[in-house]
Structures are given as C-alpha cells and as structure tokens.
Amino acid sequence: MATDRELPESLLPLPPATFHILLALADVERHGYAILQDVEQRTGGELKLGAGTLYRSIARMVEQGLIAEVTRRRSLGDDERRRYYRLTPFGTAVARAEMRRLAQLVRLARARGLTPGPEPA
Amino acid sequence: MRFYRWLLRLYPEGFRAEYGEELCRVHAERAALTTGPAAPLRNTLAAVADVLPNAIAVHLDILRQDLRVAVRSLRRTPGFALTAILVVALGVGANTAVFSLADFVLVRPLPFRDPGRIVKLWQSTPAYSRNECSPANMRDWGTLSSSFSGLAATTTRPANLVGMGEPREVQLALATPELFGVLGVRPVRGRVFSADPVDEASIVLSDGLWRSQFGADPAVIGRAVRLNGVPYTVLGVMPASFRYPHSTIEAWAPLALGPENFEDRDDTYLEVVARLRPRVSIARARLDMDRVSAQLERQYPATNKDLRVRVVAIREEVGGSSRLLVLALCGAALCILVLACANLASLFLARGLYRGHELAVRSALGAGRERLVRQLVTESLGLAVAGGVVGVIAAAAGLPLLSRLVPEGLPLAGQATLDLRVLGFATLLVLATGLAFGLGPALSASSPSPRDALGTGSRSTRAGTHRIRATLIVVEVAASVVLLVASGLLIRTMLRLQALDPGFVSDHVLAVRTPLPRDLYLITQRRVQFYDRVLEQVRALPGVTSAAYVTGLPMSMRGGIWSATVAGEPPADAGASAVGLRFATPQYFATLGIPLRRGRDLAASDTRTAPNVAVVSESFVRRHWPGGQDPLGRTFKLADMERAVVGVVGDVRVRGLEQSSEPQVYLPPAQVADSSIIGYTPKELVVRTSAALDPMSLVPGIRRIVRAVDPDQPLARVRPLDDIVHDETAPRSTQLRLLGALALLALLIAGLGIHGLLTFTVSMRERELGIRRALGAEAGGIVGLVMREGLVLAAVGTASGILLGYAAARGMGALLVGVRPEDPLTLIAAGMLCLVTAAAGSLLPALRAARIDPMTALRSE
C-alpha cells in the first residue's frame, strides 16, 4: 500500500474508534466481536462501538496499513470462520505516535497548572 | 436479520462482500444480548442508526480515494484531461444557455397569479387573425360572454413626461382599472387605480421608471408629475417583474372611454386580456366567444361581418417564428451535447485500452469489477463536473448575447437569468453527460479477464472497441453535418433577405420622434404649423438635403391598416381592400429615397381647402387599375373621404423583409378633420444629410429647433434609419452567429475525433503497416490505406447527416425565407466541408503511418 511510505504522524490525530481498536489489538489478535467486547470492557461500557462503525474503521485501517487480517489461525480453539486482525509494525508506530501526542498535550496542560481534579461521581 | 441484510445493501458492493458476513454475525451476537421490553424494536433502531451513517461514510471514503487516484492519473495526461473538460464545457455551456432562454421564453409561468387561466382576446377576420378591437366590441364581449371572471383592455402609446429636468418620452399603457385584478398583480408601493371612485389623472410607475426617473424615492406616492402637459398623481409602483402588455412599458394610466369612443366599431385599438372563470376551459371559452361574435355579426352586419374572436392562452402569445428560433437553438445545443458525449466516450474507450494493463493488475490484486467501474466513473464524473462548472460560467457570461432572441412582445423582462432552475438543469446535464461518456467505456475497460489483458493478446477486445469508436465517429460527423446544414440554410436565408430591396434607402437618414401629445394637438392646423416651423428650420441646417414628417417609419410601424375602396369595384373582403396608411409631408419620398414613378409629390398646397389627394404605391395601382391604365386623377374612398391619385411611388416593405406588405397610401397631413384618425398623426421626423455628414451630428441642432417651437417636446428614439433596418435582421444574425459557431465547433470536435481514432489505429497497426512497408508497399499506398478508413467513416456520417439535416430543415421551414429545405447548394457544401475536415483530420496519422520504419516496428513486438 502506498500509505506504508507515510510517516506515522501524518495520520494523527486518530479518531477515537481507531485508537481503541489499535489498543484492542495491541496484545493479541482478535476478531471483530472480540474487539467490540474489549473496547466496551476497557472503557467501562462508556464506548460502545456499533458494528458499522467497527467495520468501517477496520476497512480503513487495513487500507492505511495499520492492521492486517491474520491469514493463519493461531490455535484450533478459535472459530474457524471468523476473520482475525493483528497490528502491523506501522500500526504500532502510529499508536505510539498518538500516545506521544496525547502525553504531550497532558504535559502542556499540567505546565499551565491545570490538574484533572477529582473524578466525576 | 432479514431486515439487517437488506439494510447492508446501502454499503458499496465490495465492502459488503468483504465484511457483510462479519457484520451480520456481530449484529446477531449483540442482538442476542439485548433483553427487556421491545428488544427487537430497539435492535432495529440501533441497527439503522449504526448502518446509515457508516454506509454513507464508506461511500465517501471510496469517493475520496477514487478522486485522489483520478487526479493523480489525470495529472499524468493533462492533454487528455484538458480536452475532456473543454468538450464537456462546450456541451454543458451551450445547453445551459439555450435552456435558460427556452425556459424563459417558452416554459416558465408568467409573473401573474394563476397565469394558466389568463387569455388574450383578439379580433380576427379572414385577412387578419390577430387584431385589436374597438371599445364597443370589447364592452359587448364582456357583457355577452359567460366564460370570464374579468376582462380588461389596454392600449399603448408614448407620452411626454415633463417637469423633471429634460422632458422624456415614456412608454405608457392606458388600461381599464380591471387590468391589475385580471392579472392578479399587486403594487409593491401605494395602490393601483380603481374603477369606483374613478381615479383620473393618476399614474402607476414601473419599477424601472421609478428607479431611473425618481431615484427609487419611497416618498414618490402622491407626487405630482406632468404627463403630456397635464398634471398626474403617482398612485403606486409595480414590482420589477410586472411588464404588461410588453416588456418595454414603463407606466400605466387609466384608460378613459367616453360615450363617443363607443360609436365607431371600426376604430380598433384595444388589446383585451381576460381571466377564465374557475372550471371553464379555454375550449369552452372559444365556443362561448363564437356564439358572442355570431350574435354581434347579426346585430351589426356593417362592421362585424366575418369578425370572430380568437382566444389565446397568454403563454401561447410567443410568435411562431420566435418559438421556432428558440427550438432550433435547442436542437443545435442538443446536437453539440450528443457530439461531445460521443467524442468523450471515444476518448475514454481509447484511454481504457491504454490503461487495460493497469486495470488488469488491480483486478488481479482483488479489486472487484464494481470497484473498477466505480473508479472509472468517478474519473469521468469528476471531469464532467469540472467541465460543467466552466460551461455554466460561460453560459452565464453568454446570456446577454441571447437577450436579442427574447421577443419584445411578451410581458417578460428583456433578459433570461441563470437561476436555481437553470442550475438544476445544468447539474442534471453534467451528471447525464458524465455517465453517458463514462459508463460504457468503464464497463468495457473493466470487462476483459485479467489473463487476457496481462497476456499479450486482447485483439478481439481491441477490435470491438474500435468498432464502437468508429460508430461514434459516424455519429459525430452526422451531428455536425446536421448543424452545418441548418446554419447553412439560415445563412442562405439571411443573404437573400439582405439582398432584398426594402423599397427605401436607409443610409444617411436620421430618424427622430417628437411625440406630439394628442390632447394638445387635436387641431389639424396646429399640427401642420408645428411641422412647417420645424421642417423649415431643419431644412436650413447645413448638410441637410431634405427633411419630412411621417406617421411611422417602415419596419418600425408595421401595421396601420385601413380599407380603401374604388367606386364601381365589386365589394371585396377586408384583405383585398387593405392598405397601409401614412400621412406624410412634402419631401418624405425624397428623404427616404422612395422612387416617384409618376405624377407629383405631396405638396404644401394640399390643404383642407384644396381637393383631397393621395400618393399611392405601385402595388395599389396594380391591384385596382391593372393593365397599364393611367392611375393619375382616379379616385378611391378612404375613411369616408374621396381622394384623387396625384402620384405613384415605389412599394416599401413596411412590414419588414420577411413578410409581404399591403399596398401603401400616403395622404397630406393637412387633409384630415380635427381630432380624426388622430393615431396617425405624423410624429417621426426624418432627415437626409449629404454623404459627408454623420446624421447623428444633427441632433443638438434639431433639439434646439424643436424646443424653440414647443418647449415641452422631448426628442425620443433618436437613431439612424440604418439601425431600424439592422434591427430587422438582428435576431436572425444573432441566431445565425450562434448556430454558425456551434456548427464550426461541431466540425472541429468531429475532426479531432477522426484524428484521434486514426492516430490510435495507426499505433495499433504499427506492426502490420511495418510488414507492408518491408514487403515493398509504397508510402503513398500506406497514406491511402489510412486515409481511406477516415474518409469512409466520414462519408457514412455525412450521408446520414444530410438525411437528418434535411429532416431538421423541414422542421424549421418557417425560418427559411425563399430557401427550400432541400437547397442543393447548402447540402453539398455542408457535406463537402465535413469531408474536407475528415481528410484534414486523417492526414497527420496517415503521414505518420507512411513514416513507420519497418525495422523498428517489427523489433518492438
């Protein structure tokens, strides 16, 4: 893909759904529904992706080279018909770049004396 | 689940094939978890809310991506992109401009309330189908008919608006108070005149006059102005869209009809408009008016014999030739569009072949056919949109040029505008164009199996494409021949018209109108004094060779028809006794260069105490005293007065070059009773100058003279007589220039098309041609071989184009004066022109073919 040649920074800032999908695939290959469940659990049910949003994001991320479909299944226990996805090195680089961007933002806010304050009840 | 699958159809096919099953599975798993009341409904709503925006977003993603690819690939071939954009711009621009004109003139509802129910009532006789009517007939039509909810009459005349700086002539419509109600129009300021109580000496301004003469002053209502020397009060201002009965009317005043106006049923000057009652059809109104006219004919046989009422929907008032003129342009524009699409389709087919390899690779990499077609169509639509924008801008810039084609007799503004309606049409046009030239080539380019294109051989596809392109060339040539034939016939007509003798010599003649308000000049002697004093001084100006006053100028005042009868002749119908009546002072014939054939000019001695005399035209003599009888001294009766012929002059084409005119009768202005035939009072001053002098340079001198004689007289419509003759053919020459330009463009496009096709053929056949050369074929033979292909296609296209062109020419027969649709010269010239263009287009590729080096050609395979 042509996007392979692009710098990770060129894709920033990432849409929230994209970033969460990258996070979901950071440790393990997952199929679509598993990604949804992971995002939902990790955010305490705050972010509930729809199937449409998920697969549109997946389609675009495959196109951009952030993730790739896994052609060989890892273990027999998995559902054979499902399509699994994994992070590509470029995807990892983009996720890192986004983290750096967010961390930088937080640092800037702190330098101005801004604190997150107590969590809302 | 079935619903969800149906919903997934919103996605692009490729996306659905890729992720459809997954989407269904996830949706099912989600749905299984939803519990509680109305769970299915909540699931459905959630699915719609999820799928709908995402499907749109996926489409947009693909569009963005396709556009990026398209821009990249077009940037590699800027010549191709530019050609395509220009050709689209041409097609869309021509059609947008012509559509806006056609829509404006023929289709769009007129700016009145419920305009479909407004009709015009014309008096018709066997000789004249569209005449004004007399006040008495108008009144009786209103009382005897049962079809109309209201009926109003107008008559128009110029009037002097004085009291604000220079006196100025305004075009005034005198109207019965019912007019505004019948048309259903309200003023934007103030009010209109009412019937009860009667508003006398009041005036309603048009938007244009209010702006130009009153500086759009909101306090204009109630202001006093002087019209023809009489004080009037401004009652209101009409909206800018309101122009009735013609586009040139600037103000409205009440039409006062006294008992004396209802006496003469032959005094016809009213234009009648009426509104149909609800649920009354125009057909029923016609039957109704037939009954009314039959009743009036029985009651007044002397005046109403053979007199019928023509009921015409106001939209149908556009003259037949104006309509045809616009329709002819529509046809031409359509031809250009077909041509543009054929040309672009051909270009895209060729491009598809060149890109066959690239597409095959993408197809092999898993892009579905739908995806490839979509990519290619995006490209063609993108080009169409770019060309469309250029075309619409060009159309907007060109609209003022078309304004000459808007007939003045319509209650419409003088110029069509580009509005949402037209832009909507242009958008549809662009999309249709983009699909027309993009879809076919896209389907064809994406169809060969990857193996076919990746391998060396795809000759069958190429041959098929070539056949289609050849067909397209035939279509292009045929379309341009049609345009050439049509414009050729119009050029021939124009040349014929320009060669016609109008009956007068227009160069070095200045025409000026002094409107002479009728109320102030009712007394004949007073008018004659005015003419004498003005003419005496004008004739004394340096450079003036002659000057005269006349009722109306030829081709400007076209009607003015009276009945003249010769004692002893059997009573004829109105048409056979009709003459064009003009009052003229001495020197009129000399000033206009109308030849005096026999007898003498009208003279200053032809006063009321002298015998009544007349000068008549040659056709009058031929009609009444044929066979070389001496007309001098013979008498005829006109307006109840016996008149003796003292002179015979040449005929003048008073009705214009394209129509036949009635014989003319000229009377001395002094020999008419006070306030009789007042509408024929001479108002036009014509002055002939020596060849060294520009007639317009006389204007200041004439202005001084007229002001000295009557300070309230403005000079109106100052123009060289040449302008009037020029205006006579102006709509034609505008149309001709347009059509001619379109035809030449068509020819150019067709020529380029042939060039493109042959260039392509030559490059495809390089090897074969190389072998032929190696086997000893002469260069001339190769040139002939290639040129033959182009010429055969052109010949087929020309032949069919001539047939179609002949059919089109028959349709526009009414625009052709003195030229037959099958005019051989035009048909042959159009055909030859096309063949020459085809030969020129074929020459370069043929020469290139002849220069092919056999060795290089064979090596490259």
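Residues numbered from 1 in each chain as written. Chains lettered and ligands numbered in written order. Predicted model: local features only at pLDDT ≥ 70, side-chain atom pairs only at ≥ 80, totals over all residues. Heavy atoms only, no water.

1. Focus: the overall build of chain A
In terms of regular secondary structure, chain A is built from 4 helices and 3 strands. Across the 121 residues of chain A, 43% fall into the buried class. Put simply, 60% of the contacts in chain A that link residues at least 6 apart link residues at least 24 apart. Of the roughly 7400 Å² that chain A leaves accessible, carbon and sulfur atoms contribute 55%. (Helix = DSSP H or I, 4+ residues; strand = E, 2+ residues; numbered from the N terminus. Buried < 20%, exposed > 50% of the residue type's maximum accessible area, 1.4 Å probe, protein only. Contact = heavy atoms within 4.5 Å. Areas by Shrake-Rupley, 256 points an atom, 1.4 Å probe, with all protein chains shown as cover.)

2. Considerations on the nonpolar core
Residues Phe112, Leu183, Phe242 and Trp252 of chain B are the most contacted members of the largest nonpolar core, which totals 92 residues. In terms of residue count, helix 15 (residues 459–499) of chain B provides more of this core than any other element does, 14 residues in total. In contact with leucine 183 of chain B, other than residues within four places in its own chain, are Phe112, Arg113, Ile118, Phe242, Tyr244, Val273 and Arg275 of chain B. Residues Tyr33 of chain A together with Phe15, Cys24 and Val26 of chain B belong to the second largest nonpolar core, which totals 42 residues. (Core = buried A, V, L, I, M, F, W, Y, C linked by side-chain atoms within 4.5 Å.)

3. Here we look at the pairing of strand 1 (residues 118–124) of chain B
Residue and element names in this part refer to chain B. By the criterion of burial, strand 1 is predominantly enclosed, with 7 of the 7 residues buried. Here strand 1 shows two buried faces, one formed by Ile118, Lys120, Trp122 and Ser124 and the other by Val119, Leu121 and Gln123. Bridge count for strand 1 against strand 9 (residues 271–276) is 4 bridges, and the pairing is antiparallel. When the bridges of strand 9 are listed, valine 119 appears paired with alanine 274. As paired strands, strand 1 and strand 10 (residues 308–313) are joined by 6 bridges and run antiparallel to one another. (Pairing = 2+ DSSP bridges.)

4. A short note on the sheet that holds strand 11 (residues 509–513) of chain B
Residue and element names in this part refer to chain B. Pairing within the open sheet is antiparallel, and its 4 strands lie in the order 12-20-11-21. Strand pairing shows two members of the sheet lacking a second neighbour, strand 12 (544–550) and strand 21 (716–720), which therefore form its edges. Between one strand and the next, the sheet's axes are offset by a mean angle of 15°, whatever the strand orientation. Pairing of strand 11 with strand 21 involves 3 bridges; the strand directions are antiparallel. The residue bridging alanine 511 from the neighbouring strand is arginine 719, located in strand 21. Taken strand by strand, helix 21 (residues 721–764) contacts strand 11 and strand 21, and its axis lies near 85° from that of strand 21. (Axes fitted to C-alpha atoms, helices over the stretch in contact; angles between N-to-C directions.)

5. Section: the sheet that holds strand 3 (residues 84–87) of chain A
All names here are of chain A. Pairing is antiparallel in the open sheet, where 3 strands are placed in the order 1-3-2. With one partner strand each, in any of the chains shown, strand 1 (30–31) and strand 2 (67–69) form the two edges of the open sheet. As judged from the 3 bridges shared by strand 2 and strand 3, these two strands associate in the antiparallel manner. Its bridge partner lying in strand 3, glutamate 69 is registered against tyrosine 85.

6. Structural notes on the packing of aromatic side chains
Residues and elements named next belong to chain B. Within the structure shown, the criterion is met by 20 aromatic pairs over all chains. Ring geometry for phenylalanine 15 versus tyrosine 19: centroids 5.0 Å apart, planes at 50°, classification tilted. Of the two residues, phenylalanine 15 and tyrosine 19 both sit in helix 2 (residues 13–33), 4 residues apart, roughly one turn of that helix. A relative accessible area of 8% places phenylalanine 15 in the buried class. (Phe/Tyr/Trp six-rings, centres within 6.5 Å; stacked < 30°, edge-to-face > 60°.)

7. As for a negative patch on the surface
Taken together, the side chains of Glu260, Glu263, Asp264, Asp266, Asp267 and Asp640 of chain B make up a negatively charged region of the molecular surface. Relative to the elements of secondary structure, glutamate 263 of chain B occurs in the loop between strand 8 (251–254) and strand 9. (Patch = residues over 30% accessible without salt bridge, like charges linked within 9 Å, V, L, I, M, F, W, Y side chains within 5 Å. Salt bridge = Lys/Arg side-chain N within 4 Å of Asp/Glu carboxyl O. Lys, Arg positive; Asp, Glu negative; His and termini not counted. Charge placed at Lys NZ, Arg CZ, Asp CG, Glu CD.)

8. Quick look at the interface of chain B and chain A
Opposite the 18 residues of chain B that make contact, chain A presents 21 residues. Across the chain B to chain A interface the summed buried area is about 1800 Å²; carbon plus sulfur atoms make up 49%. The largest contributions to the chain B side of the interface with chain A come from Tyr19, Glu22 and Arg30 of chain B, which together make up 33% of the buried area. Put simply, chain B and chain A have 4 salt bridges between them. Between arginine 56 of chain A and aspartate 61 of chain B there is a salt bridge, with the nearest N and O atoms lying 3.4 Å from each other. In this assembly, chain B and chain A are joined by 12 residue pairs in polar contact (both at pLDDT 80 or more). Those elements that provide at least two residues to the side of chain B that touches chain A are helix 2 and helix 3 (39–76) of chain B. Among the residues forming the side of chain B that touches chain A, the class breakdown is 9 nonpolar, 2 polar and 7 charged. (Buried area = accessible area lost by both parts, 1.4 Å probe. Polar contact = N/O pair within 3.5 Å; in protein donor to acceptor, adjacent residues only side chain to side chain. Nonpolar A, V, L, I, M, F, W, Y, C, P; charged D, E, K, R; others polar.)

9. Brief notes about the environment of serine 346 of chain B
All names here are of chain B. Inspection of the secondary structure puts serine 346 in helix 10 (residues 320–354). The buried category is assigned to serine 346, whose relative accessible area is 3%. Residue contacts for serine 346: discarding those within four places in its chain leaves Arg469 and Leu472.

10. With respect to the pattern of salt bridges
Under the counting rule described, the total for this entry stands at 34 salt bridges over all chains. In this structure, arginine 265 of chain B engages aspartate 140 of chain B in a salt bridge whose closest nitrogen and oxygen atoms are separated by 2.6 Å. Of this pair, arginine 265 of chain B sits in the loop between strand 8 and strand 9 while aspartate 140 of chain B sits in helix 5 (residues 135–144); the two residues are 125 residues apart in sequence, bridging distant segments of the chain. The exposure class of arginine 265 of chain B is buried, given its relative accessible area of 7%. Residue classification places aspartate 140 of chain B among the buried positions, given a relative accessible area of 10%. Between lysine 305 of chain B and aspartate 306 of chain B there is a salt bridge whose closest N-O contact spans 3.1 Å. Classification of lysine 305 of chain B as exposed rests on a relative accessible area of 53%. One salt-bridge network, held together by shared partners, links Asp27, Arg30, Asp38 and Arg42 of chain A.

11. So, the side chain of aspartate 103 of chain B
Residues and elements named next belong to chain B. Take aspartate 103: it is sitting in helix 4 (residues 78–107). Polar side-chain contacts of aspartate 103 include one of 2.6 Å to the side chain of arginine 421. Sequence-distant contacts of aspartate 103, defined by excluding residues within four places in its chain, comprise Arg108, Arg315 and Arg421.

12. Things to note about unusual backbone geometry
The amide bond that connects leucine 12 of chain A to the next residue, proline 13 of chain A, takes the cis arrangement and shows omega of -10°. Its location among the elements puts proline 13 of chain A in the segment before helix 1 (16–24). Along the chain, tyrosine 244 of chain B connects to proline 245 of chain B via a cis peptide bond; the corresponding omega equals 0°. We note that arginine 279 of chain B has phi near 65°; this positive angle belongs to a residue other than glycine. The exposed category is assigned to arginine 279 of chain B, whose relative accessible area is 77%.

13. Comments concerning the pairing of strand 9 of chain B
Residue and element names in this part refer to chain B. Taking burial as the measure, the 6 residues of strand 9 include 6 buried ones, the bulk of the element. Burial along strand 9 is two-sided: the residues Glu271, Val273 and Arg275 and Val272, Ala274 and Leu276 are all buried. Examined bridge by bridge, strand 2 (residues 148–162) and strand 9 share 6 bridges and lie antiparallel to one another. Bridge pairing in strand 9 places phenylalanine 148 opposite leucine 276.

14. A few points about the packing of helix 3 of chain B against helix 4 of chain B
Residue and element names in this part refer to chain B. It is the contact of helix 3 with helix 4, at a shortest axis distance of 5 Å, that shows an interaxial angle of 105°. Accordingly, the angle class assigned to the pair helix 3 and helix 4 is roughly perpendicular. Contacts between helix 3 and helix 4 pair Leu74, Arg75 and Arg76 from the former with Pro78, Phe80 and Ala81 from the latter. A per-class count over the contact of helix 3 with helix 4 returns 4 nonpolar, no polar and 2 charged. (Parallel < 35°, antiparallel > 145°, perpendicular 65-115°, else oblique.)

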